[in-house]
Amino acid sequence: MRAFLALLPDADTALDIDRWRALCWRNLPGAVAVQNLHVTLVFLGDIDEEQQARLATQLDAVVAAPISLRLSSVGYQVDQRMLWLEPSSNDAGRPALDALVDALRHACARTGIAVDKGRYRPHLTLARRLATPAPSPIVDPAFHLKSDAVCLMGSRLTPAGPVYRVVREWPLSAVSD
């Protein structure tokens, strides 16, 4: 199974993002389906059932606080032709998010799943395969993404684009001292 770990926006936030995107960029080519909006934490690649079971055991032991991010900036990656939302580098939720990603990467390493150890840049992809960069939005983004679970997502590639499904969730709860 092609898989990744992610945070999912609640339905209202996902719909708000979708409406804002449609307002700013009518008929945006390559727009990510509203039900596929997410913030990738760790891309796992292809994992088999045994790796998935070992990973689940490791993730059962991860303790992390719920995540709260303000998605307030738009980014574009030329080489991948992607448009996304991202938090500012000084967002109050970044330390908790960075700690969570670090814990998830360590859990993956303990299971033998090789993951990217480079600098983590959180983002919520709005569109892929853009021929040219999108113009600046007419309304600045200001979305609050709150998540109290890490989701293991399965990804199936289709001619119409990827289809994601939640395979399993792990709750995030307040870390007590």
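Structure report, in brief. Here, residues in each chain are numbered from 1, in the same order as that chain's written sequence. Per-residue local features are limited, in this predicted model, to residues with pLDDT of at least 70; the limit for side-chain atom pairs, both in listing and counting, is 80 or more; totals at the level of whole chains, interfaces and linings are taken over all residues. Hydrogen atoms and water are omitted, and side-chain values are computed over all heavy atoms in the structure.

1. Quick notes on the packing of aromatic side chains
How we decide: Any Phe, Tyr or Trp ring, taking Trp's six-membered ring, that has another such ring centre within 6.5 Å forms a pair; planes under 30 degrees apart are called stacked, those over 60 apart edge-to-face, and the others tilted. The secondary structure listing takes helices from DSSP runs of H or I that are at least 4 residues long and strands from runs of E that are at least 2 residues long, numbered from the N terminus. To sort residues, take the accessible area from a 1.4 Å probe on protein chains only and compare it with the maximum for the residue type: under 20% means buried, over 50% means exposed, and anything in between is partly exposed.
In this structure the tally under the stated criterion is three aromatic pairs. Pairing Phe4 with Tyr164 gives two aromatic rings, centres 5.1 Å apart and planes at 80 degrees, and the pair type is edge-to-face. Separated by 160 residues along the polypeptide, Phe4 in strand E1 (residues 2-7) and Tyr164 in strand E8 (residues 161-171) bring together distant segments of the chain. Each member of the pair, Phe4 as well as Tyr164, is classed as buried.

2. Focus: helix H3 (residues 94-111)
What counts, and what does not: Here the expected span of a helix is defined as 1.5 Å times the quantity of residues minus one. Each direction from the helix axis to a C-beta atom contributes to the arc, which is the arc of those directions. Any pair of residues with heavy atoms lying within 4.5 Å of one another is described as a contacting pair.
For H3, which comprises 18 residues, the first-to-last C-alpha distance of 26 Å matches the rise-based estimate of 26 Å (1.5 Å per residue) to within 8%. Of the positions making up H3, those classed as buried are Arg94, Leu97, Leu100, Val101, Leu104, Arg105, Ala107, Cys108 and Thr111. One side of H3 carries all its buried residues, which in axial view fall inside an arc of 160 degrees. Among the exposed residues of H3, those pointing more than 90 degrees away from its buried face are Pro95 and Arg110. Its buried side turned inward, H3 meets E1, strand E2 (39-46), helix H2 (49-60), strand E3 (67-77), strand E4 (82-87) and strand E7 (149-158).

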